[in-house]
Each structure stands twice: as structure tokens, then as C-alpha cells.
Amino acid sequence: GGIGPVDRLSSVGGVSSVGRERRVPHVGGQRRIRQGDADRALALRRANLGPNHPSTVMSFTLAADLRRASGDFATGLAMFEECRALAAAAQPAQLANVYRCDLGIGRCAMHLGRFEQAEAALLRCKESHAAADKASPVRGQLVTVDRDLELLQRMRERAAGAGGK
């Protein structure tokens, strides 16, 4: 499965999320990941593999996504921004992780009312999709990004309507 729309936090990245837990697929079924477990895994991977290793970056996106799913958008945004910088600086660049981070940046920024930042990140996702080869995990995610852009537009309209009253 793909990454679900921002307003359906029960399904994030093809996995279920509840508060500060997330079900992730693994050999033999699914298991729950708690925020503390994700933070510890990230710290261990950073220490042992380095900050730019693909496994470290995946742990970073998981920890950031758990923050976002629990409603801690400010922390999630900061984590996604740091993670994106690491993934983009890796040689070769980790394009699927950059995409995931841009999607997370867009979703967190949207909920924080940072609509221009959200739009820029979501448009980067569309650009990544257009540039991705057929085998990339980015392929097939365009519908999700389009839905997020539609939600962004609705949130902007609501904010403009509330500001005018």
C-alpha cells in the first residue's frame, strides 16, 4: 500500500497508526512500534551506521511520522526537515526517502498553517514522481499527493474564511 491521505491518520504509509504507536509489516506479520522504540532505534542506528545510512534515514522517517500521527506536528516537521537534508545529501541521494520526507513536511506544515511551505513540499513530491523510474517506490503515489494538495486548498479556504469573520 501507499502513503494514506493526511486526514486519515489510521493508515499511514500502508501501516496502521494509533497515537504514538504504529503497526509495521515485518516477516511473520505486523508488530507495533512505539514512539520510544522508534527514538531508540534511531539513536542506535545513528551511532552505529551513521546519519546518512538508508536504515538510519528510514528510522528517522518512522520516528517523525509517529510524531505527526500523534499530532505533534512541530516536532514532526523539524524531524522531517532534518531527515530530508540527510537523505538528499547522501551519495547517491536517497530519492524515495527524500520523497517521504517531503510528504511528511507537507503534511506537518499544512496542519501548522504553514501553507506555502506545505505546498512547496507537496509540489516537490509531484516533481519526484515525474522524475522517478518505474521501479521506484515513489511511483503510484501521485493520487495521494493530489489528495493532500486538495486538502491543503480546503484548509487554506477555511483559514481565509475564519480570518475574514
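Now for a quick tour of the structure. (Residues numbered from 1 in each chain as written. Predicted model: local features only at pLDDT ≥ 70, side-chain atom pairs only at ≥ 80, totals over all residues. Heavy atoms only, no water.)

**A short note on the environment of Phe73**
Here is the rule: Numbering goes from the N terminus for both helices and strands, where a helix is a DSSP run of H or I of at least four residues and a strand is a run of E of at least two. Each residue is assigned to one of three classes by its accessible area relative to the maximum for its type, calculated with a 1.4 Å probe on protein chains only: buried under 20%, partly exposed between the two thresholds, exposed over 50%. Residues are treated as being in contact if the distance between any of their heavy atoms lies within 4.5 Å.
Tracing the backbone shows Phe73 in helix H3 (residues 73-89). Under the relative-accessibility criterion, Phe73 is labelled buried at 16%. Residues Phe73 and His111 lie 38 residues apart in sequence; the distance between their C-alpha atoms is 6.9 Å. Those residues in contact with Phe73 that lie beyond four places of it in its chain are Arg68, Cys108, His111 and Leu112.

**Looking at helix H6 (residues 142-163)**
Here is the rule we go by: Helices are assigned an expected span. That span is 1.5 Å times one less than the residue count. The arc in question is the one traced by the directions running from the helix axis out to the C-beta atoms.
End to end, H6 covers 31 Å across 22 residues, agreeing with the expected 32 Å (1.5 Å per residue, within 8%). Within the sequence span of H6, burial applies to Thr144, Val145, Asp148, Leu149, Leu151, Leu152, Met155 and Arg156. With its buried residues spanning 165° around the axis, H6 presents them on a single face. Structural note: H6 exposes Arg158 and Ala160 on the side pointing more than 90 degrees away from its buried face.

**With respect to the environment of Thr61**
Structurally, Thr61 can be placed in helix H2 (residues 54-69). Classification of Thr61 as buried rests on a relative accessible area of 7%. C-alpha of Thr61 to C-alpha of Arg100: the two residues are 39 residues apart in sequence and 7.3 Å apart in space. When residues no more than four places from it in sequence are discounted, the contact partners of Thr61 are Phe80, Cys83 and Cys101.

Any functional reading would require information that these geometric values do not contain.
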